[in-house]
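Chain by chain, the residues run as shown.
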Amino acid sequence: MKRPNKFTALIGIVVSAALVLSACGGAATTAAPTAAPTEKPTEVTAVKAKIAIMGPFTGPAATIGVEQLNFARLAVADFNKQMGTQIELLEEDTQLDPAIATTVAQKLVGDPDVYAVIGPSGSQEVEASAELFEGAKLVHVSPSATRPSLTASGYKTFFRAVPNDSVQGPTDAHFIADTLKAKSVFVIDDQSSYSTSLADEVANVLGGMNVTTARESVTQDDTDFSALVTKIKAANVEVVFFPGQIASQGAQLWKQMREQGVPAILMGGDGFNSPDLIADGANEGSFVSNFAPDINGVPEAANVIEGYRAQYGDFGSFGPPTYVAAQVVLEAVTNAMKAGTLTREAVLAEVAKVKIAKTILGTPLEFDANGDVKGAQFYVFQVQNGKFTLVTQTTELVAPPKAIKIAIMGPFTGPAATIGVEQLNFARLAVALHNLAGGIPIQLIEEDTQLDPAIATTVAQKLVDDGEILAVVGPSGSQEVEASAELFEGAGLAHVSPSATRPTLTTSGYKTFFRVVPHDGVQGPTDANLILTKLNATSVYIIDDQSSYSVSLADIVEQAIKDAGVKVARESVTQDDTDFSALVTKIKAAKADVIFFPGQIASQGAQLWSQMKEQGVAATLVGGDGFNSPDLVANGANEGSYVTNFAPDIHGIPGAAEVAQAYQEQYGDFGAFGPPTYVAAQALIEAIERAAQAGNLTREGVLAEVVKTKIDKSILGSPIAFDANGDVLGAQFFTFQVQNGQFVTVTP
């Protein structure tokens, strides 16, 4: 499921994982020249000799490992053809596992015909095997292990063809602080020696530059980073630095960051310079550093690039340094042959003397006394249009698009939280799917109102004062809209409610308020028709909870029932009431057929129904949209009762299938309040996109575009457009009955 690009052709189906070869490097798309010796030596007698390569040719880092293997194969083939030698390449898979690397090293040490090793790839593998190679005087040249301590441990047999993380760390830190101008960074490691070392180095350098850092660790087996993203979001950082070895983890982290509306820039080390980082369009605008440049522009690499592509296809940045490491080993073996002393000690001595005037990397190669390559540097690449583009030398940096803030306000805690959390999660999903699809990144600010008008007022003032917030999903309740509408109107801040239905909200002259659901001027007749026609009521008891929504809807239904000549009684409760026994006594005395209770706290409906049953009251309970909640049917309550709602059951709507599946996979089942919230968020996001295209990405510009909203078919199965007052055109209410504990549609 990877998006085709110039890397994927190399390994077709090989799985994921940027092998951050423990100190591994990796980066842009590169290519390699021919492994010819630096000076053409005299012909060597066709002596047979073995060298080996060890790396992760299977497992999570195989994408990188196979590329390294193929470049080594090409180097050996090129060298043998040019020099007339018969050097054999042994291939040993380590899966990036130190334990396997130890076993492989022991095997190679035990084969006296093996004179040199290309690898290991990862720093943790070098740490596990270096003692064995040292004891056997078997030289090994890594093309990607970058942990600094590897060449500071006194080993005389270890060399690397790439710079170490004491170069990479400052490169990354200075890029973050100086180029990206970050003041706060979240640093993550995957607990491998490479990752921990590089993360430490970057954190230390950033600390010296007065950049605030936070730190967390994951494992290379982790696939769900949602809890970590929650911490990143709370830290409000500008950059996330994750020098991991499994690039697919970087893709998953980026996706989950975008799902939660975290706009921070992701930067990885060389281990993330892999096609797996950008699979399925992930990480556009992100950065990686690597020990190798893009060799496609290096003249000395032309023949190698042509040869590799003809045989294996496209490639990334891990292959070319492997070609160079092989070149070093091959020349050392050949020089030892020429000197007539083909021994491990002689090959080791020749590796230490290697000088290549210009490699396929475009740079010279010579080792210092510790086995590090002299004068090497790291390069920074940015993901641009799904490709790794060098930005520190040849190309201008493309600033990642700044996330646009929208907010959602609703009852995420308190007695209406069941509904509020569902609304919140559908808004999160709408933002996540938009961000993953590309376009202007959206950040969702989440504000809890507890369905309390006083809290809603405070929240509204906070949102108004944040000039970066361009639109609001909500408020949820009519009483909250009444409390906050003046503030939003004064700030020109568009707010689209997914559930506030009091009719007067759109007749008060506000130009910034919209709703994607019909109002109670539609719901009231629907409820009255249910009570009078379907239930054939002769006596109705109406209850309100004193909220503006409840009183308004109760008034409408009461008038319609009275106009039909049906007897009506009326009572009020508060949203804090939990004992309705005295009220039930009155209902029983009134001998009502139907109780209509348009409350906002569905648990009150469950408690009322239970106490009705306790007193033997058989009347049918009917609620408004506020009772269309799992709380109404908790513990088997309200079997046979009815509710009306502004949204249908979207499970049967073909256009909603993808959203319904995505929601259920991430959050579980849902009711009727979530889908309209998704539509409200969609309307705002589309308005923001149009405002940006019009060059007026301001509150005024977004408001002007909300007015023009036209969604041909929403996940509710109907089009969405607003009339001059901000009401949705052509909407209707639906009737549900509780059957076997589920809300079942009984009238469209």
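Remember, predicted model here, so these are calculated numbers, not experimental data.

Calculation criteria
Residues numbered from 1 in each chain as written. Predicted model: local features only at pLDDT ≥ 70, side-chain atom pairs only at ≥ 80, totals over all residues. Heavy atoms only, no water. Helix = DSSP H or I, 4+ residues; strand = E, 2+ residues; numbered from the N terminus. Buried < 20%, exposed > 50% of the residue type's maximum accessible area, 1.4 Å probe, protein only. Contact = heavy atoms within 4.5 Å. Areas by Shrake-Rupley, 256 points an atom, 1.4 Å probe, with all protein chains shown as cover. Lys, Arg positive; Asp, Glu negative; His and termini not counted. Charge placed at Lys NZ, Arg CZ, Asp CG, Glu CD. pLDDT = per-residue confidence, 0-100. Salt bridge = Lys/Arg side-chain N within 4 Å of Asp/Glu carboxyl O. Phe/Tyr/Trp six-rings, centres within 6.5 Å; stacked < 30°, edge-to-face > 60°. Axes fitted to C-alpha atoms, helices over the stretch in contact; angles between N-to-C directions. Parallel < 35°, antiparallel > 145°, perpendicular 65-115°, else oblique. Left-handed = near helix turned anticlockwise from the far one by under 90°. Nonpolar A, V, L, I, M, F, W, Y, C, P; charged D, E, K, R; others polar. Pairing = 2+ DSSP bridges. 1 Å grid on protein atoms, 1.4 Å probe; cavity = no way out; pocket = protein on both sides within 12 Å on 5 of 7 lines; lining within 4 Å. Points joined across faces, edges and corners; volume = space filled by probe spheres on them. Core = buried A, V, L, I, M, F, W, Y, C linked by side-chain atoms within 4.5 Å. Right-handed = clockwise from strand over helix to strand, strands pointing away. Expected span 1.5 Å × (residues − 1). Arc of directions from axis to C-beta.

Caption draft 1: Up close: the overall build of the protein chain. Along the protein chain, the regular secondary structure elements total 21 helices and 26 strands. A burial count over the protein chain gives 58% of its 748 residues as buried. Within the protein chain, counting contacts between residues at least 6 apart in sequence, those at least 24 apart form 75% of the total. Accessible area for the protein chain stands at about 26900 Å²; split by element, carbon and sulfur atoms hold 50% of it. Each charge class in the protein chain was averaged separately, 48 positive and 82 negative side chains, and the resulting centres sit 4 Å apart.

Caption draft 2: Region of interest: the confidence of the model for the protein chain. Looking at the protein chain as a whole, the pLDDT averages 89, with 92% of positions reaching at least 70. Per-residue pLDDT stays below 50 along residues 1–44; that stretch engages in 229 contacts with residues further than four places along the chain or on separate chains.

Caption draft 3: Spatial organisation of the pattern of salt bridges. For the coordinates displayed, the defined rule picks out 28 salt bridges. With its nearest N and O atoms 2.9 Å apart, the salt bridge here joins E92 to K107. With E92 in strand 2 (residues 86–93) and K107 in helix 3 (residues 98–109), this pair connects stretches of sequence that are 15 residues apart. For E92, a relative accessible area of 12% puts it in the buried group.

Caption draft 4: Inspection of the packing of aromatic side chains at higher detail. With the rule as written, the count across this model stands at 18 aromatic pairs. Ring centres of F291 and F318 lie 5.5 Å apart, and the angle between their planes is 80°; this geometry places the pair in the edge-to-face category. With F291 in the loop between strand 10 (287–290) and helix 9 (302–311) and F318 in the loop between helix 9 and helix 10 (319–338), this residue pair connects regions lying 27 residues apart in the sequence. There is no split in this pair, since F291 and F318 are both buried. For the pair F291 and F378, a centre-to-centre distance of 6.2 Å together with 65° between the ring planes defines the contact as edge-to-face. Remark: F378 occurs in the loop between strand 12 (365–366) and strand 13 (379–384) and F291 occurs in the loop between strand 10 and helix 9; sequence separation between them is 87 residues. With a relative accessible area of 5%, F378 lands in the buried category.

Caption draft 5: Examining the packing of helix 20 (residues 674–693) against helix 21 (residues 699–707) more closely. Packing of helix 20 against helix 21 brings their axes to within 8 Å, and their N-to-C directions diverge by 120°. Overall, the two elements helix 20 and helix 21 adopt an arrangement that is oblique. Our pair here, helix 20 against helix 21, has a crossing hand that is right-handed. Side by side, helix 20 and helix 21 meet where L684, A687, I688, R690 and A691 of the first sit next to G701, V702, E705 and V706 of the second. Counted by class, the contact of helix 20 with helix 21 contains six nonpolar, one polar and two charged residues.

Caption draft 6: Just the sheet that holds strand 17 (residues 469–473), in detail. Judged by pairing direction, the sheet is parallel, and its five strands sit side by side in the order 16-15-17-18-19 without closing on themselves. At either margin of the open sheet sits one strand with a lone partner, and together these are strand 16 (442–448) and strand 19 (513–515). Direction aside, neighbouring strands of the sheet carry axes that sit 25° apart on average. In the packing of helix 21 onto the sheet, contacts are made with strand 17, strand 18 (494–497) and strand 19, and the angle to strand 17 comes to roughly 40°.

Caption draft 7: Structural view of empty space enclosed by the protein. Tallied over the full model, the rule gives four cavities of 30 Å³ or more. Taken as a whole, the largest cavity encloses approximately 160 Å³ of empty space. In this structure, the largest cavity is lined by 16 residues; those nearest its centre are L451, S476, S499, Q600 and F673. Looking at side-chain class alone, the lining of the largest cavity contains seven nonpolar, eight polar and one charged residues.

Caption draft 8: Structural context of the layout of surface pockets. What the second largest pocket holds in volume is close to 480 Å³. If you trace the second largest pocket, you find 21 residues lining it, with F670, G671, A672, Q742 and F743 closest to the centre.

Caption draft 9: Expanded view of the nonpolar core. Counting residues in hydrophobic clusters, the biggest one holds 57 residues, and the most contacted among them are I51, I118, V333, V347, V351 and L365. Those elements that place two or more of their residues in this core are strand 1 (48–55), helix 2 (62–83), strand 2, strand 3 (114–118), strand 4 (139–142), helix 9, helix 10 and helix 11 (344–353). Take this core: its biggest share by element is eleven residues, from helix 10. Other than its neighbours up to four places away in sequence, I118 contacts I51, A52, I53, M54, A72, L89, V141, T322, A325, A326 and V329. In terms of nonpolar packing, the next biggest core, distinct from the first, is built from 53 residues, V431, A647, I653 and A656 among them.

Caption draft 10: Structural context of the pairing of strand 20 (residues 539–544). Counting buried residues along strand 20, six of its six residues qualify, which places the element largely inside the surrounding structure. With six bridges joining them, strand 20 and strand 21 (residues 567–572) adopt parallel strand pairing. What sits directly across from I543, in strand 21, is E571. Chirality of the crossover, the property in question, places the unit of strand 20, helix 16 (residues 548–563) and strand 21 among those that are right-handed. Sheet topology note: the strand 20/strand 22 (residues 594–597) ladder contains three bridges and is parallel. Bridge assignment links I542 to a residue of strand 22, and that residue is F596.

Caption draft 11: Examining helix 13 (residues 453–465) more closely. Counted at 1.5 Å a residue, the expected span for helix 13 with its 13 residues is 18 Å, and the 18 Å between its end C-alpha atoms agrees. Buried within helix 13 we find A456, V459, A460, L463 and V464. Take helix 13 and look down its axis: the buried residues cluster within an arc of 135°, on one side only. With respect to the buried face of helix 13, the exposed residues turned more than 90 degrees away are A454, T458 and D465. Turning to helix 13, the residues buried within the fold contact strand 15 (404–410), strand 16, strand 17, helix 14 (478–491) and helix 21.

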